[in-house]
Every structure is written in structure tokens, then in C-alpha cells.
Amino acid sequence: MDRYCLEAIGRIAGEERAPYAHITVDRLTPIIGAEIGGVDLAHPVPDPAFDEVKRAFLENQVIIFRNQTLTVAQQKAFARRFGPLRALPMADIDGDDAELVIIKASKDSTFVAGEVWHADGTADPAPSLGSMLYMHRTPEIGTGGDTLFASMYLAYEMLSPALKLFLEGLTAIHDGAVPWQGYEAPPGLPKTEHPVIVRHPETGRKLLFVNSGFTTHIPQLSPGESRALLDYLFALVAREQVLNCRVRWAPGTLVFWDNRCTQHHAIWDYFPHSRYGERVTVLGSVPTR
Ligand code: SIN
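This is a predicted model, so every value here is computed, not measured.

Visitor: For this particular structure, what's the right way to read the overall build of the chain?
Guide: Helix and strand counts for the chain stand at 6 helices and 15 strands. Taking 289 residues into account, the globule formula puts the C-alpha radius of gyration at 19 Å, and the chain, at 19 Å, falls close to it. Overall, the C-alpha framework of the chain stretches about 50 × 50 × 35 Å when taken along its three principal axes. Counting over 289 residues, the chain shows a buried share of 53%. Contacts spanning at least 24 positions in sequence make up 81% of the contacts within the chain whose residues lie at least 6 apart. Summed over its atoms, the accessible surface of the chain is roughly 13200 Å², and 56% of this surface lies on carbon and sulfur atoms. One finds the centroid of the 27 positive side-chain charges in the chain at a distance of 2 Å from the centroid of its 34 negative side-chain charges.

Visitor: Sorry, what's going on with the environment of Ala79 here?
Guide: Structurally, the position occupied by Ala79 is in helix α3 (residues 72-80). Classification of Ala79 as buried rests on a relative accessible area of 0%. The residues touching Ala79, leaving out its near neighbours within four places in the chain, are Leu85, Met132, Val280 and Val282.

Visitor: Help me out: how do you make sense of the nonpolar core in this one?
Guide: Most often, soluble globular proteins keep nonpolar side chains buried together rather than apart. Counting 51 residues, the largest nonpolar core has Leu167, Val196 and Leu208 as its most contacted members. The biggest single contributor to this core is helix α6 (residues 223-239), with 6 residues. With near-sequence residues (within four places) excluded, Leu167 lies in contact with Leu159, Val196, Ile197, Leu208, Leu229 and Leu233.

How each quantity is defined
Residues numbered from 1 in each chain as written. Predicted model: local features only at pLDDT ≥ 70, side-chain atom pairs only at ≥ 80, totals over all residues. Heavy atoms only, no water. Helix = DSSP H or I, 4+ residues; strand = E, 2+ residues; numbered from the N terminus. Rg over C-alpha atoms; globule rule 2.2 N^0.38 Å. Buried < 20%, exposed > 50% of the residue type's maximum accessible area, 1.4 Å probe, protein only. Contact = heavy atoms within 4.5 Å. Areas by Shrake-Rupley, 256 points an atom, 1.4 Å probe, with all protein chains shown as cover. Lys, Arg positive; Asp, Glu negative; His and termini not counted. Charge placed at Lys NZ, Arg CZ, Asp CG, Glu CD. Core = buried A, V, L, I, M, F, W, Y, C linked by side-chain atoms within 4.5 Å.

Below you can see the structure in the form of C-alpha cells.
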């Protein structure tokens, strides 16, 4: 690990955090991820506990709730405490609820959603604030189907000062057609230009905002330069395990990730077994420098 990386880890892992009075927060790593206890999401979370859940979300970027028994209405009610929900265009959905994304895999699957490092919907002008996935069924073999998450705060922080400065002046194109390569893409997919380095709208912290799931090129550079730079940044996210936490699911686990400062990667290591979950998405805002 180089010195920029070590200095960045030292800064982030050494940050002071206030104690919690109404919930428990068990951190997965010093960088990203925490299991939250002491809340039953089937009922409205009282404001003092909810304020702490929100703080834990901003501090840890990915929060995990175990042993929850939720209807879709209860999952949505909890998600709406963070903001309005995103309704997908009708052509995109696989059920009759436009706010619910079905995440499923079985012996008949030829692909699974999210099996690449990505943030959700970054081709949209205003990508989502966060996604909340509630797991109903995990693989019958009793293992497999974990999800990896990566902190884009640390990905930015571990770059050299010279590269940070260079990236600050750049934008990148995010294209909704990228996940459809090799398939017949539906019409009207979004394509948007975002800064390569953005500031989180609530924490004010800078982060790296390109991902291999949607980002195609950096228009200020030649095609070769753009490819080389994006490949370097994508490889950093894929390679640096210190950016990651890994969530092991069980039926009744709910995970809420901050889509503004993380990427995630579903692991399809359980074929031909099945996995089923339901995701709702909280609307976000336009990313800014
Ligand atoms: C996704 O939202 O990209 C899928 C995550 C997962 O299946 O774990």
C-alpha cells in the first residue's frame, strides 16, 4: 500500500464519532459498513432513534439491519423517511409496482443485476440518494450471494494530490445503455455528464464519481487518454480491498447504501441456486463539485 493510501486510511479511520444513545452501531470495517441494532423497521422508528440511524448512514455509507420482518408497505415507509421514492418507467419494471425493483436469480437466469462495480442509475441527471434492498430468499445451499460495497470517499482520498487536482477539472459521460451491451436496449435511456470528483450533498466530503457500470468517457481527453484513465480508476475500485465491506445476507436482512458515495457489486457464486430480494430507491439530487 502506498503512502497516499495509508495517509488516507489514517485520516478516515481516525475520525472522531459521537456515541449513540438509541441504537447500536457495530462497524464492519474502519472505513465502510455498519450493522444497526435496536430498531424494528416494521414500526415507525421514533425520531431520536431515526436521527441516529441517519447519522450512522452518513458516517458508514452502508447500514445493515438484521432479522426484520417487513411488508413492502413497511419497507417503503422506512425508505420514505429519507426522501421520495423513485418510480421506474413502466417499460423497465418486472412487476406492477413501479417503485419496487425485483432482484432475483435462479437456475434459469442467464445474468444477474449488478454483477459489476457500479453505483445505481448514474446516467440519470439526478442519480439516487440510496437504495434499500430487503432480502427474502438466500441460496438454498446456505451460503453465497454476498454483496461487496466500496467507499468512493477513500477511493478519492487515496489518489495523489497531483491526480486529484487533474481530475477536479474533468467531467465524465454516464450512459444508461452500457448495462445493455449485447442485449436489445429499451428506447430513451438517459445519458448525462457529471463531474469526475463531486462533493457529497450532506457531508460535504469529496469523492470519486465514475463507475464501470455506466461511465463511458471523459470528453476533455483524447479517446486513448480517457480509456487509460478510466481503466486506472476502475481497476483501483476493483483492486483495493481496503475500500470494501462485504455483506452476507440472510432472509430478513435489509441493507441501505448511500448511492452518492459508494459502489457495489453483487456476487453470483451460487448458480444454479436462487436468491430473491426487493429494492426501493430514494430520489437523489444533481451531483456537484
Ligand atoms: C444491485 O442493486 O445492484 C443488486 C445488489 C445485489 O443483488 O446484491
